[in-house]
Amino acid sequence: MYGLPGGGLLGIATSRKIGSHARRNRVKRRVREATRGLAPFETASFDVVIVAFPAADRASFPEIQAELSSLGERLRTQWAGESQCS
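On a predicted model such as this, the values are computed, not experimentally measured, just so you know. Along each chain, residue indices are assigned from 1 in the same order as the chain's sequence is written. Local features are withheld for residues below a pLDDT of 70 in this predicted model, meaning they are given only at 70 or higher, and side-chain atom pairs are given and counted only at 80 or more; totals for whole chains, interfaces and linings count all residues. With hydrogens and water stripped out, all remaining heavy atoms of the structure feed into the side-chain values.

**Student:** What should I look at first to understand the overall build of the protein in this one?
**Tutor:** Only DSSP runs of H or I covering at least 4 residues are called helices, and only runs of E covering at least 2 are called strands; the numbering of each starts at the N terminus. Counting secondary structure elements, the protein contains four helices and three strands. Taking the principal axes of its C-alpha atoms as reference, the protein extends roughly 45 × 20 × 15 Å. Residues classed as buried in the protein amount to 28% of the 86 residues present. Counting every atom, the protein has about 5,600 Å² of accessible surface; 54% of that belongs to carbon and sulfur. Two residue types count as positive, namely Lys and Arg, and two as negative, namely Asp and Glu; His and chain ends fall outside the count. To locate a charge, take NZ of a lysine, CZ of an arginine, CG of an aspartate or CD of a glutamate. Measuring between centres, the 13 positive side-chain charges of the protein sit 11 Å from its 8 negative side-chain charges. Each residue is assigned to one of three classes by its accessible area relative to the maximum for its type, calculated with a 1.4 Å probe on protein chains only: buried under 20%, partly exposed between the two thresholds, exposed over 50%. For the area figures, the Shrake-Rupley method with a 1.4 Å probe applies, and any residue is considered shielded solely by the protein chains shown.

Given below as structure tokens:
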């Protein structure tokens, strides 16, 4: 996951290693749904790009949510530290 301060945009990229176009779209839909309701993604202070790898196709929905939650919190704390230093 990559993020920068911004207007709250979300981009999801999938690797062709995941499989067919339909499987890649399914992964994108699951990741997009998993970001809904998560605190780090509810605030519109970051532009985020999530890169989904083949393991995302095999992961359960709660696993995807947990991973995105931890990455979102890490992103928030990283940029909170950056803004305090400036």
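Having seen it, we continue.
**Student:** Would you mind showing me how to read the pattern of salt bridges here?
**Tutor:** Pairs can form between side chains of opposite charge once their charged atoms are near each other. Take a side-chain nitrogen of Lys or Arg and a carboxyl oxygen of Asp or Glu: if they are within 4 Å of each other, that pair is a salt bridge. Following the criterion strictly, the structure yields three salt bridges and no others. Linking D57 and R23 is a salt bridge whose minimum nitrogen-to-oxygen distance equals 2.2 Å. Note that D57 is positioned in helix 3 (residues 55-58) and R23 in helix 1 (residues 21-35), a separation of 34 residues in sequence. A relative accessible area of 41% means that R23 is categorised as partly exposed.

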